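Overview (structure and organization)
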Number of protein chains: 2
Amino acid sequence: MSKFFEKTIHTESIYKGKVINVDVEDVELPDGQVSKRELVRHPGAVGILALTDEGRIVMVEQYRKALGKSIIEIPAGKLEEGEEPKITANRELEEETGYQANQLDYLVSYYTSPGFADEIIYLYQATGLNLLEQRPDMDEDEFVDLIEVTVEEALDLVKMERIHDAKTIQAIYYVMVERLKGE
Amino acid sequence: MSKFFEKTIHTESIYKGKVINVDVEDVELPDGQVSKRELVRHPGAVGILALTDEGRIVMVEQYRKALGKSIIEIPAGKLEEGEEPKITANRELEEETGYQANQLDYLVSYYTSPGFADEIIYLYQATGLNLLEQRPDMDEDEFVDLIEVTVEEALDLVKMERIHDAKTIQAIYYVMVERLKGE
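As named in an unreviewed UniProt entry, chain A is ADP-ribose pyrophosphatase, taken from Alkalibacillus salilacus. Under the UniProt heading Cofactor (unreviewed entry), the note attached to chain A is "Mg(2+)".

**So, the relation of the copies chain A and chain B**
Superposing chain A onto chain B requires a rotation of 180° together with a translation of 0.0 Å along the rotation axis, leaving an RMSD of 0.0 Å. The symmetry that links the two subunits is that of a two-fold axis. In this assembly the copies share their binding face: 100% of the residues contributing to the interface of chain A also contribute to that of chain B.

**Focus on the sheet that holds strand E7 (residues 76-78) of chain A**
Residue and element names in this part refer to chain A. With respect to topology, four strands assemble into an open sheet ordered E7-E4-E9-E8, the strand pairing being mixed. What marks the edges here is a single partner per strand, and that holds for E7 and strand E8 (99-111). On average, adjacent strands in this sheet sit at an angle of 25° to one another, irrespective of strand direction. Pairing between E8 and strand E9 (residues 120-131): eleven bridges, direction antiparallel. The residue of E9 that forms the bridge with Tyr-111 is Ile-120.

**So, the domain arrangement of chain A**
In terms of domain boundaries, chain A breaks down into domain 1 (7-41) and domain 2 (45-112 + 120-182). With centres defined by C-alpha atoms, the gap from domain 1 of chain A to domain 2 of chain A works out at 32 Å.

**Re unusual backbone geometry**
Unlike most non-glycine residues, A:Phe4 shows phi in positive territory, near 60°. In this fold, A:Phe4 is placed in the segment before strand E1 (7-16). For B:Glu161, which is not glycine, the phi torsion reads 60° and is therefore positive. Within the secondary structure, B:Glu161 is located in the loop between helix H2 (151-159) and helix H3 (166-182).

**Here we look at the nonpolar core**
Core analysis: the largest hydrophobic core is formed by 54 residues, its most contacted members being A:Ile57 and B:Ile57. Ignoring any residue separated from it by four or fewer positions in sequence, one finds A:Ile57 in contact with A:Leu49, A:Ala50, A:Leu51, A:Ile74, A:Ile147, A:Glu148, A:Val149, A:Val151, A:Ile172 and A:Val175. Listed in part, the 14 residues of the second largest apolar core include A:Phe116, A:Ala117, B:Tyr15 and B:Ile20.

**Concerning the side chain of B:Glu83**
All names here are of chain B. Locating Glu-83 in the fold gives a position in the loop between strand E7 (76-78) and helix H1 (85-97). The exposure class assigned to Glu-83 is buried, which follows from its relative accessible area of 17%. At 2.7 Å, the side chain of Glu-83 forms a polar contact with the side chain of Thr-88. Leave out the neighbours within four places in its chain, and Glu-83 touches Lys-78, Thr-88 and Arg-91.

Calculation rules
Going along each chain's sequence as written, the residues are numbered from 1 onward. To read the labels, note that chains go from A and ligands from 1, taken in the order they are written. The model is predicted, so local features are restricted to residues of pLDDT at least 70 and side-chain atom pairs to those at 80 or more, both for listing and for counting; the totals for chains, interfaces and linings are taken over all residues. By convention in this description, side-chain values take in all heavy atoms of the structure and omit both hydrogens and water. UniProt positions are given in the numbering used here, feature names are shortened, and annotations may be inferred rather than shown by experiment. We superpose the copies by least squares over the C-alpha atoms of residues that have a pLDDT of at least 70 in both of them. The criterion used for residue contact is that any of the two residues' heavy atoms lie within 4.5 Å. Between any two strands, pairing holds if DSSP finds at least two bridges. Only runs of H or I of at least four residues qualify as helices and only runs of E of at least two qualify as strands under DSSP, and these elements are numbered from the N terminus. Helix axes are fitted to C-alpha atoms over the stretch in contact, other axes to C-alpha atoms as well, and angles between N-to-C directions run from 0 to 180 degrees. These domain limits were set by an automatic method or by a database of domain assignments. Remark: nonpolar core denotes a set of buried residues (Ala, Val, Leu, Ile, Met, Phe, Trp, Tyr, Cys) joined through side-chain atoms within 4.5 Å. Partly exposed residues are those whose accessible area sits between 20% and 50% of the maximum for their type, while under 20% is buried and over 50% is exposed, using a 1.4 Å probe and protein chains only. Polar contact is the term for a pair of N or O atoms within 3.5 Å; when the atoms are in protein, one must be able to donate a hydrogen and the other to accept it, and sequence-neighboring residues count only if both atoms are side-chain atoms.

Pasting the structure below:
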């Protein structure tokens, strides 16, 4: 059993939505006390670190209602039910950027907010990019702009908080480590 | 105005909790269509990359109900209302690890899940660590174990998915970049 396991005594479903569900659970703590846990259920997502042959990172600018601003991110998207993350990664890359990848390699996965959410991101690296002649349709509520940046430009965008999310900063650092190792 | 701005037409409050609030908003998209946005409101948090004089990274193991397992993370904690993140960082470091830092440097901030949440993490680096004679009390629903690991051990823990969250993996990569730059 996991260390400091918390036993669920009661689960209340608060909300079932399009992207998230919300539950509140009464749990028994390791010392026998009872506490409440507020839990956001999410289907999981992929992020794609797509590198052009010139070593630029492909990014998309989009408005994020939760933040009230537009930010620049690596392409990403939610898993459909029962979908292999690699399939999602190929689809989201094509939809958001118009690029098809000859090679797609799994890098790492991580939970984004383990304190309250079960959202997991599977990070892939896409290389051997070719622009599709016909770009597939995006989700009808998605509007994005394509940007391709060097690592140095990406770090400037981080300083300016135009790049401002965990998965994109993680992807930039991944590229930096690989380059520094190769020097 | 931000690119692809989405105007809020109506906000419905779904839940007001201890850690999160949940709203559902009707928004007007750039093309005039209307869509729904499910938004989790969070007070924000800090993460602390605490390095011992020997260069080990201080981590805590804790059970995460959202994931149904224990994971190993850098120390972290929520902002109290109106609190400066640096104050939170010092407090959480002391509460979770028993260490006091002579130096605390701001590194970067990022949103954890921009698709549905406004949670922001302010990442600090803590150095010049001294063990407090009297460790302060933790929150009453928190149970953690202290672990100190080298970067190499941390990377093994990532592969084993014992380290499995965005902020901790980001912190490890930060250390790797700094070391590789210094070589």
